[in-house]
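The residues making up each chain are set out below.
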Amino acid sequence: MSVSVIVTCHNEDAYIEQCINSIIAQTEYKNINEIIVVNDGSKDNSSKILDKLKQNSVKLNIITTNGIGVSAARNMGIKKVTSDFIAFLDGDDYWKNDKLEKQ
């Protein structure tokens, strides 16, 4: 089993690091094939934070768009998926450590 996590981000610099770290901290992290973040036209420091996080995670893939909206951003992420399953998370949310395990 492999999982792709799709995260949408638009001006989430206050939350995006906690969001990504909650994915990395999953008890089933070994089953996460990739974390696809669609940074949808953020004008804050989200891009800088994501670039820093990418240095520490080979599973993190960042797609940058020009503000196409959350649904279109999520669909763009879906097109890039290479896993058996997809899990969604918004950039201002986070998971408990056992979310994927229980799901």
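Please refer to the structure placed before this passage.
Here is what the cut-offs are and how they apply
Residues numbered from 1 in each chain as written. Predicted model: local features only at pLDDT ≥ 70, side-chain atom pairs only at ≥ 80, totals over all residues. Heavy atoms only, no water. Patch = residues over 30% accessible without salt bridge, like charges linked within 9 Å, V, L, I, M, F, W, Y side chains within 5 Å. Areas by Shrake-Rupley, 256 points an atom, 1.4 Å probe, with all protein chains shown as cover. Salt bridge = Lys/Arg side-chain N within 4 Å of Asp/Glu carboxyl O. Helix = DSSP H or I, 4+ residues; strand = E, 2+ residues; numbered from the N terminus. Pairing = 2+ DSSP bridges. Axes fitted to C-alpha atoms, helices over the stretch in contact; angles between N-to-C directions. Contact = heavy atoms within 4.5 Å. Core = buried A, V, L, I, M, F, W, Y, C linked by side-chain atoms within 4.5 Å. Buried < 20%, exposed > 50% of the residue type's maximum accessible area, 1.4 Å probe, protein only. Disulfide = S-S within 2.5 Å.

A. Structural context of a nonpolar patch on the surface. Residues Ile78, Ile86 and Phe88 make up a contiguous nonpolar surface patch of roughly 230 Å² in combined accessible area. By secondary structure assignment, the location of isoleucine 78 is in helix α3 (residues 70-79).

B. Layout of the sheet that holds strand β4 (residues 85-90). Ordered by their spatial adjacency, four strands build an open sheet running β3-β2-β1-β4, and the pairing between neighbours is parallel. Of all the strands in the sheet, just β3 (60-65) and β4 have a single pairing partner and so form its edges. Each strand of the sheet is rotated relative to its neighbour by a mean of 20 degrees, with strand direction disregarded. In terms of strand pairing, strand β2 (residues 32-40) meets β3 through six bridges, oriented parallel. The partner of asparagine 39 across the bridge, within β3, is threonine 64. Along the sheet, helix α1 (residues 16-24) contacts β1 (3-9), β2, β3 and β4; its crossing angle with β1, the most-contacted strand, is approximately 175 degrees. Lying on the sheet, α3 is in contact with β1, β2, β3 and β4; it crosses β1 at an angle near 150 degrees.

C. Highlighting the nonpolar core. Residues Val5, Val7, Ile16, Ile20, Ile23, Ile35 and Val37 are the most contacted members of the largest nonpolar core, which totals 19 residues. What isoleucine 35 contacts, discounting residues up to four positions off in sequence, is Val5, Val7, Ile20, Ile23, Ile24, Tyr29, Lys59, Leu60 and Asn61. In this structure, Ile6, Ile36, Val38 and Ile63 belong to the second largest nonpolar core, which totals six residues.

D. A look at the state of the cysteines. Scanning the entire structure with this criterion turns up zero disulfides. Counting only cysteine sulfurs, cysteine 19 is the nearest neighbor of cysteine 9, a cysteine outside any disulfide, at a range of 8.1 Å. On the basis of relative accessible area, cysteine 9 is assigned to the buried category, the value being 2%.

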